[in-house]
Amino acid sequence: MTTRDARGRFITLEGIDGAGKSTHAAWIAQTLTARGHAVVATREPGGTPLGERLRGLLLQEPMTHDTEALLMFAARREHLEHVIRPALARGDVVLCDRFTDATWAYQGGGHGVDRGRIAALEDWIHGDLQPDVTLLFDVPTEISRARLARSAQAGRALDRFEREQAAFFERVRQGYLARAAADPRRFRTVDSSRPLTDVREHLAAILAEVA
Ligand code: TMP
């Protein structure tokens, strides 16, 4: 990798399921492209052929919480090697739908995986690399759950995480908010319960500042 100043920007998107993150991801990519950036839009778990196979297991198969954390980092290791680091070295903007903050919030906050173990895995797999900017899409859990219920009613099969109880989502949300409060330089929290046009206006202002 080239020096930090020469490399591209690493932007991650986070939030609880049903926070509306995916609704905005394509628009953010288009906006960055229109600003003249080469954008690599990718996601976790996933982003590589092996990572997508691990995603299939993670979203469907029952497993211990520790296995879940280990597989998230296994997929991330592949993703960093084959997609994220090469793109940043080229000077591209990497727009990644979820990264290690999701492991802290879901496996740590939601499922109670030991924080020391998550910290050790993070240090091992990408101790030298953190996102430059993280957009946290925040909504009250009642709103996210109502959105998920509407998807389920419309016939979409919910995955293993989306089927979790309300208390789980509340722990995940609080996990995200705590991380944002602890690192205000990196995080930008977006109130995703507001109307689409308001959210886009806020996102446009953030993107103008960061990329
Ligand atoms: P997505 O639906 O936003 O693509 O994310 C898939 C699910 O994976 C979502 O419920 C959150 C979960 N997840 C974790 O639990 N830990 C992680 O480290 C990542 C990247 C995702």
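Residues numbered from 1 in each chain as written. Predicted model: local features only at pLDDT ≥ 70, side-chain atom pairs only at ≥ 80, totals over all residues. Heavy atoms only, no water.

Visitor: Could you give an account of the site of the ligand, with specific residues and numbers?
Guide: Every one of the 14 residues lining the ligand counts as a neighbour, but Lys-21, Arg-55, Arg-98, Thr-103 and Gln-107 are closest to it. When the free accessible area of the ligand is taken as 480 Å², the share hidden by the protein chains comes to 94%. Where the shell around the ligand is concerned, the elements lending two or more residues are helix H2 (49-60), helix H3 (65-90) and helix H4 (100-110). The biggest single contributor to the shell around the ligand is H4, with 4 residues. (Near = heavy atom within 4 Å. Areas by Shrake-Rupley, 256 points an atom, 1.4 Å probe, with all protein chains shown as cover. Helix = DSSP H or I, 4+ residues; strand = E, 2+ residues; numbered from the N terminus.)

Visitor: Pulling in residues and values, what's your account of helix H6 (residues 141-153)?
Guide: For H6, with 13 residues, the first-to-last C-alpha span of 18 Å sits near the 18 Å given by 1.5 Å per residue. Here H6 has its buried residues at Thr-141, Ser-144 and Leu-148. The buried residues of H6 occupy one face: seen down the axis, they fall within an arc of 65°. In H6, the exposed positions angled more than 90 degrees off the buried face are occupied by Glu-142, Arg-150 and Gln-153. On its buried side, H6 packs onto helix H7 (166-182). (Expected span 1.5 Å × (residues − 1). Buried < 20%, exposed > 50% of the residue type's maximum accessible area, 1.4 Å probe, protein only. Arc of directions from axis to C-beta. Contact = heavy atoms within 4.5 Å.)

Visitor: If you had to explain the pairing of strand E2 (residues 39-43) to someone new, which residues and values would you point to?
Guide: Judged by which residues are buried, E2 turns out to be one-sided: Val-40 and Thr-42 face inward and are buried, whereas Val-39, Ala-41 and Arg-43, on the alternate face, are not. Where E2 and strand E3 (residues 93-97) come together, 5 bridges link them in parallel fashion. Of the residues in E3, the one forming a bridge with Thr-42 is Cys-96. (Pairing = 2+ DSSP bridges.)

Visitor: Provide a residue-level description of the nonpolar core, including the pertinent values.
Guide: One finds Ile-28, Tyr-106 and Phe-137 to be the most contacted residues of the largest nonpolar core, which totals 41 residues. Leaving out residues up to four positions away in the same chain, Ile-28 has contacts with Leu-13, Leu-95, Leu-135, Phe-137, Leu-203 and Leu-207. Counting 18 residues, the second largest nonpolar core, distinct from the first, contains Val-40, Leu-88, Leu-121 and Leu-129. (Core = buried A, V, L, I, M, F, W, Y, C linked by side-chain atoms within 4.5 Å.)

Visitor: If you had to explain the packing of aromatic side chains to someone new, which residues and values would you point to?
Guide: Within the structure shown, the criterion is met by 5 aromatic pairs. The interplanar angle of 80° and the centroid separation of 6.3 Å between the aromatic rings of Tyr-106 and Tyr-176 together place this pair among those described as edge-to-face. You can see Tyr-106 sitting in helix H4 and its partner Tyr-176 sitting in helix H7, a full 70 residues away along the chain. When its relative accessible area of 1% is taken as the criterion, Tyr-176 is described as buried. What links up through ring pairs into an aromatic cluster is the set Tyr-106, Phe-161, Phe-168, Phe-169 and Tyr-176. Seen from the ring of Phe-73, Arg-76 lies directly overhead, with NZ or CZ sitting 4.7 Å from the centre. Between the NZ or CZ atom of Arg-76 and the centre of the ring of Phe-99, over which it lies, the distance is 5.2 Å. (Phe/Tyr/Trp six-rings, centres within 6.5 Å; stacked < 30°, edge-to-face > 60°. Lys NZ or Arg CZ within 6 Å of the ring centre and 35° of its normal.)

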